[in-house]
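Tertiary structure, described
So the chains spell out like this:
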Amino acid sequence: YRASIISAAIIAAAVIVVLLIAAAMGVAAFLALRPAGGNGATGPLLEGFDIGSVERIEVVPVSGDRMEIALSDRAPGVWVMGWRDGAGVERSWPAAGSRVRGALRLLADLRCDAGASAETGRSGARVILRAAGGIARELGLSSSALAGKTRVWVDGTPRAAAIPIG
């Protein structure tokens, strides 16, 4: 009987130690991953840009290949996706307008961490939004992520932002 009391006490002590270690790791992760700005204020990633006036979206991956989605010149309101295949032949295909508008809406709703550092050396893809009147915004994406966030540069300015991904 006494051995079972001792083993139950050892198990209880081990559970308490594991819970304390988990709590300490949670606090350490919170402190390490919070924004450097301290106040945690956020703002729109594309502040002052009318996402509803976008007529063309260009995606340039690290490989340098270019894909674009643009409003059709021939059919109003129809989006067409264009790319160059491995043989260098231009290809195009209609894109679902609801999905394009949904993607633009997601971009419009993105909020950035005000305290994100503006490190240099973008290493990921670029997304260029071209709107009516020749207005454009370029997003440079980092190829690395931490805690579900990645760095984004807007028009090459030091407005780097950590935004949620995945």
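The notes below deal with the structure included here. By convention here, each chain's residues receive numbers from 1 onward along its written sequence. Side-chain atom pairs in this predicted model are given and counted only at pLDDT of 80 or more, local residue features only at pLDDT of at least 70, and totals for whole chains, interfaces and linings cover all residues. The side-chain values count all of the structure's non-hydrogen atoms but skip hydrogen atoms and water molecules.

1. Here's the deal with the side chain of Glu58
Here is the rule we go by: Each helix corresponds to a stretch of at least 4 residues labelled H or I by DSSP, and each strand to a stretch of at least 2 residues labelled E; elements are numbered beginning at the N terminus. Nitrogen and oxygen atoms within 3.5 Å of one another constitute a polar contact, given that in protein one can donate a hydrogen and the other can accept it, and given that sequence-neighbouring residues count only through two side-chain atoms. We call two residues in contact when some of their heavy atoms are within 4.5 Å.
Among the secondary structure elements, Glu58 is positioned in strand S2 (residues 54-60). A distance of 2.6 Å separates the side chain of Glu58 from the side chain of Arg130, its partner in a polar contact. Excluding residues within four positions of it along the chain, Glu58 makes contact with Arg66, Met67, Glu68, Arg126, Val127, Ile128 and Arg130.

2. Thoughts on helix H2 (residues 97-109)
Rules: For a helix, the expected span equals 1.5 Å multiplied by the residue count minus one. Only protein chains enter the accessibility calculation, which uses a 1.4 Å probe. A residue is then buried if its area is under 20% of the maximum for its type, exposed if over 50%, and partly exposed in between. Starting at the helix axis, one direction is taken to each C-beta atom, and the arc is that of these directions.
A rise of 1.5 Å per residue sets the reference length of H2, with its 13 residues, at 18 Å; its end C-alpha atoms lie 18 Å apart and thus fit the reference within 8%. If you check which residues of H2 are buried, you get Gly97, Val100, Leu104 and Leu107. Here the buried residues of H2 occupy an arc of 90° about the axis, which is enough to place them on one side. Facing away from the buried side of H2 by over 90 degrees, the exposed positions are Ser98, Arg99, Arg105 and Leu106.

3. A look at the environment of Pro94
Inspection of the secondary structure puts Pro94 in strand S5 (residues 90-95). For Pro94, a relative accessible area of 55% gives the class exposed. Along the chain, Pro94 and Ile69 lie 25 residues apart, while their C-alpha atoms are 8.9 Å from each other. If we skip the residues at most four places from it in the chain, Pro94 touches Trp79 and Val80.

4. Considerations on the pattern of salt bridges
We apply this condition: Whenever a carboxyl oxygen of Asp or Glu lies within 4 Å of a side-chain nitrogen of Lys or Arg, that contact is scored as a salt bridge.
Counting across every chain of the model gives six salt bridges. Between Arg130 and Glu58 there is a salt bridge, with its nearest N and O atoms 2.6 Å apart. Residue Arg130 is located in strand S7 (residues 126-131), and its partner Glu58 is located in strand S2; the two are separated by 72 residues in the primary sequence. Its relative accessible area of 6% is what places Glu58 among the buried residues. Where salt bridges share partners, they join Glu58, Arg66 and Arg130 into one cluster.

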